[in-house]
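Residues per chain, in single letters:
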Amino acid sequence: APGLIFRQSGRLHDTGIRPVLGDLSHLPSCAPLLRSLQLSRYQAIGITPGRGCSGLCGFCLYAGCAQRKRQLADVMEEIEAVADRVKLLFMLDPDLASTRRWTEEFCREIIARRLNIRWRSDLRPQDAAPRFLSLLRASGCDHVLMAVETLDPELRAKVRAGVPAEELRTAVRAVRGAGIRPHLYFYIGLPWDTAASLQRIEQFVRSEAVANFYLKQVRPWPSTPVTEAFRSAGLLDHDLGVEDFVQSDSPLCSTAGLSVEELASWKRRIGRAAILQPRYLWRFLRERRLTPRHVRQFLGLIAGENVSKK
């Protein structure tokens, strides 16, 4: 069926893009199935409140896709079915917070039912209003993921996404002030990226130590404006397969100003700039639990390894 990607005999099969449905009323609660599963071996599970995104990011397949939420009663029934059996819930919705009325009602329902859960989801920096964040925290949200497409003003206009550094800084501090941990995703490898645009990311992570961050490589998704920009600039001269999108840690394409090797070098440089500083270590120890894996990663960074592969 269109819209499915599955693995068979060691290979990934892509069945294509499925047309967007008008609503999600066809997705009832799967609470009976969840109750039948042995979930004790899992640390976390994902629940899908909705689909679609109000953003117009030039590299995203979701761009301009209508926001659609499931029935709140069905989502709550699923949460109640697993609340006492897993430690963490991921709300799998790329634009959860932008549908403010639904999301606020969702949070109030969790509070009213006295569900002792921890959950996390995506949040745009522009949605980080203190009053809204307080409601998220009261309902059990302890972690939000914020995508940062670019900090460069010229690139923001081209990619139709991104945020000024000061607006991002304000959002990060508001999230922390609400008792929620921010996790930043910085995209690098846009067709127009240069050393100057990536230096803005480096400067931000030096000045605003963030214990949770990731350097996410841009992928040229089919039929998106960014992919057309890659092709127009001669930076992409062949079709990419499913495996290229699954293995997304390493650069696939050069940019107008940087080679693949230079992009990889910048990922190492930004990672080292962010982590190898006392303020980051203090923030990490305050917000996260140190494990042997973290120690190995830290030593690897000192040795020059790429933090984005960890």
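All figures in this text were calculated on a predicted structure; none of them were measured in a lab.

1. Some thoughts on the packing of aromatic side chains
Right, on to step 1. In this structure the tally under the stated criterion is 6 aromatic pairs.
Right, on to step 2. Residues tyrosine 280 and phenylalanine 284 carry aromatic rings whose centres are separated by 5.9 Å and whose planes lie at 40 degrees to one another, so their mutual orientation is tilted. Within this pair, tyrosine 280 and its partner phenylalanine 284 are both found in helix 11 (residues 278–287), separated by 4 residues, close to a single helical turn. Summarising the burial analysis for this pair, tyrosine 280 and phenylalanine 284 share the class buried.
Right, on to step 3. In textbook terms, an aromatic cluster arises when at least three aromatic residues are bridged by ring pairs, as seen for Trp102, Phe106 and Trp119.
Right, on to step 4. Over the face of the ring belonging to phenylalanine 132 we find arginine 100, whose NZ or CZ atom lies 3.9 Å from the ring centre.

2. Overview of empty space enclosed by the protein
Right, on to step 1. Counting across every chain of the model gives 2 cavities of 30 Å³ or more.
Right, on to step 2. Considered as a void within the structure, the largest cavity measures approximately 50 Å³ in volume.
Right, on to step 3. Among the secondary structure elements, those contributing two or more residues to the lining of the largest cavity are strand 7 (119–122) and strand 8 (141–148).
Right, on to step 4. Sorting elements by how many residues they give to the lining of the largest cavity places strand 7 first, with 3 residues.
Right, on to step 5. A breakdown of the residues in the lining of the largest cavity according to their chemical character gives 7 nonpolar, 1 polar and 1 charged.
Right, on to step 6. Glu149, Thr150, Leu151, Tyr187, Asp193, Ser197 and Ile201 are the residues that line the second largest cavity.
Right, on to step 7. Taken together, the residues of the lining of the second largest cavity sort by class into 3 nonpolar, 2 polar and 2 charged.

3. Points about the packing of helix 10 (residues 260–275) against helix 12 (residues 292–302)
Right, on to step 1. Two elements in contact, helix 10 and helix 12, have axes separated by 10 Å at closest approach and are oriented at 120 degrees. One finds that helix 10 runs oblique with respect to helix 12. Two packed elements cross with a definite hand, and for helix 10 against helix 12 that hand is left-handed. Contacts from Gly271, Arg272 and Ile275 of helix 10 reach helix 12 at Phe298, Leu301 and Ile302.
Right, on to step 2. Of the residues in the contact of helix 10 with helix 12, the class split is 4 nonpolar, 1 polar and 1 charged.

4. Some thoughts on the packing of helix 7 (residues 195–207) against helix 10
Right, on to step 1. Orientation of helix 7 relative to helix 10, taken along the N-to-C sense of each, is 20 degrees, at an axis distance of 8 Å. Judged by the inter-axis angle, helix 7 sits roughly parallel to helix 10. Crossing hand, helix 7 versus helix 10: right-handed. Facing helix 7, whose interface residues are Ala195, Leu198, Gln199, Ile201, Glu202, Val205 and Arg206, helix 10 presents Leu263, Trp266, Arg269, Ile270, Ala273 and Ala274.
Right, on to step 2. Taken together, the residues that form the contact of helix 7 with helix 10 break down as 9 nonpolar, 1 polar and 3 charged.

What counts as what
- Residues numbered from 1 in each chain as written.
- Predicted model: local features only at pLDDT ≥ 70, side-chain atom pairs only at ≥ 80, totals over all residues.
- Heavy atoms only, no water.
- Phe/Tyr/Trp six-rings, centres within 6.5 Å; stacked < 30°, edge-to-face > 60°.
- Helix = DSSP H or I, 4+ residues; strand = E, 2+ residues; numbered from the N terminus.
- Buried < 20%, exposed > 50% of the residue type's maximum accessible area, 1.4 Å probe, protein only.
- Lys NZ or Arg CZ within 6 Å of the ring centre and 35° of its normal.
- 1 Å grid on protein atoms, 1.4 Å probe; cavity = no way out; pocket = protein on both sides within 12 Å on 5 of 7 lines; lining within 4 Å.
- Points joined across faces, edges and corners; volume = space filled by probe spheres on them.
- Nonpolar A, V, L, I, M, F, W, Y, C, P; charged D, E, K, R; others polar.
- Axes fitted to C-alpha atoms, helices over the stretch in contact; angles between N-to-C directions.
- Parallel < 35°, antiparallel > 145°, perpendicular 65-115°, else oblique.
- Left-handed = near helix turned anticlockwise from the far one by under 90°.
- Contact = heavy atoms within 4.5 Å.

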